[in-house]
Amino acid sequence: METQIDYWDAHALLEWQIELGAAEAISESPVNRYDLLDQRPLPQSQTAQSRATPATLAPAAAAEPDPADIATKLAKSAGSLEALREALEGFDLCDLKLGARNLVFSDGLPAARVMIVGEAPGRDEDMQGKPFVGRSGQLLDKMFAAIGLDRASPDAENALYITNPIPWRPPENRDPTREEIAMLKPFLIRHIELADPDVVVLMGNWACTALLGRAGITRLRGKWQTVLGKPAMPMTHPAYLLRNPIAKREAWADLLEIRAKLQSQK
Ligand code: URA
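Thresholds, definitions, all that
Residues numbered from 1 in each chain as written. Predicted model: local features only at pLDDT ≥ 70, side-chain atom pairs only at ≥ 80, totals over all residues. Heavy atoms only, no water. Helix = DSSP H or I, 4+ residues; strand = E, 2+ residues; numbered from the N terminus. Buried < 20%, exposed > 50% of the residue type's maximum accessible area, 1.4 Å probe, protein only. Salt bridge = Lys/Arg side-chain N within 4 Å of Asp/Glu carboxyl O. Axes fitted to C-alpha atoms, helices over the stretch in contact; angles between N-to-C directions. Parallel < 35°, antiparallel > 145°, perpendicular 65-115°, else oblique. Left-handed = near helix turned anticlockwise from the far one by under 90°. Contact = heavy atoms within 4.5 Å. Nonpolar A, V, L, I, M, F, W, Y, C, P; charged D, E, K, R; others polar. Polar contact = N/O pair within 3.5 Å; in protein donor to acceptor, adjacent residues only side chain to side chain. Pairing = 2+ DSSP bridges.

> Account for the environment of R123, with residues named and values stated.
Along the chain, the position of R123 falls in helix 7 (residues 123–128). By relative accessible area, which is 36% here, R123 ends up partly exposed. For the pair R123 and V133, spaced 10 residues apart in the sequence, the C-alpha separation amounts to 9.5 Å.

> Before we move on, could you go through the pattern of salt bridges and cite the residues and values that matter?
Taken as a whole and judged by the stated rule, the model has 13 salt bridges. Residue R151 pairs with D141 through a salt bridge whose shortest N-O separation is 3.0 Å. Taken together, the positions of R151 in the loop between helix 8 (135–145) and strand 3 (160–163) and D141 in helix 8 put the pair 10 residues apart, joining distant regions of the chain. Taking the relative accessible area as the measure of exposure, R151 reaches 12% and is therefore buried. Residues joined in a network through salt bridges with shared partners are R113, E157, D198 and K266.

> I'd love a proper account of the packing of helix 5 (residues 81–89) against helix 9 (residues 178–195), names of residues and values included.
One can describe the packing of helix 5 onto helix 9 by two numbers: an axis separation of 10 Å at closest approach and a directional angle of 170°. If you check the angle between helix 5 and helix 9, you find them roughly antiparallel. Relative to helix 9, the crossing made by helix 5 is left-handed. Contacts between helix 5 and helix 9 pair L81, L84, A87 and L88 from the former with L184, F187, R190, H191, L194 and A195 from the latter. Considered class by class, the residues forming the contact of helix 5 with helix 9 number eight nonpolar, one polar and one charged.

> Can you explain the side chain of T163? Please cite residues and give values.
For T163, the location among the structural elements is in strand 3. When its relative accessible area of 2% is taken as the criterion, T163 is described as buried. Within the structure, the side chain of T163 is placed 2.8 Å from the backbone oxygen of F105, a separation counted as a polar contact. Ignoring sequence-local partners within four residues, the contact set of T163 consists of F105, M115, I116, V117, G118, L188 and H191.

> Pulling in residues and values, what's your account of the sheet that holds strand 3?
Hydrogen bonds along the backbone pair up the strands of a sheet, which may run parallel or antiparallel. Pairing in this open sheet of six strands is mixed, and the strands run 1-3-2-4-6-5 from one edge to the other. Of all the strands in the sheet, the pair left with one neighbour each is strand 1 (107–108) and strand 5 (225–227). By the bridge criterion, two bridges tie strand 1 to strand 3 in an arrangement that is antiparallel. Within the sheet, the bridge partner assigned to D107 lies in strand 3 and is I162. This element, helix 8, spans strand 2 (114–117), strand 3, strand 4 (199–203) and strand 6 (230–235) of the sheet and lies at about 140° to strand 4. Against the sheet, helix 9 makes contact with strand 2, strand 3, strand 4, strand 5 and strand 6, and its axis sits at roughly 170° relative to strand 2, the strand it touches most.

What follows is the structure in structure tokens.
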């Protein structure tokens, strides 16, 4: 039996969803509509032809290329940050891209001595195409201003450069999967190589997962690590600090560590 919903019922349903907080018309997980095309029944003429093709003449099924291998080749061949951004823009193997409005590549000064690696874009970042522009970003800016660093500074000494391991907003702000982090990691590695900062800040668990291969930020924070031969400081994410203001004291200690490292490396 076919169910008919009239205009006013549909309107009321929509209003109800908006009241519940649905702000965007996307589903819980991305749908790859190209896959759906492959699942359509073949036209009669084609099925007849394939029935007539002897198995021995059928072309051998090509092995599925590993998306992480393709990402590695693309990332390695990028000779500049602009080329890396273009490579990511053309990378279609990560389904997160299908549900995102914009690629969120970076913000700040690429020549900055400090590079921050966050987690993933949220709604504000997806709309503006820049990392850390929502509430967490405002706190992040205040935190680094306290040690004299500013993403808007034109001077490498006082500037910040900011990116995320995940450049597209995950639907409903869900956590990225390990597969997504691994697939996009070659781009992150190349991003750090090209920006070549003196110090890397691992802001939260996903940055640690991507670059150290482990999470557990409350234990990792405050202890220097090494990423691509550079000193890397794991810190608790500003979103966590917004929920747990008591942890700001430790974050302040981590910021002082970063300032001391920058001064000692001059
Ligand atoms: N949180 C992040 O880790 N990155 C962003 O870009 C925004 C919020």
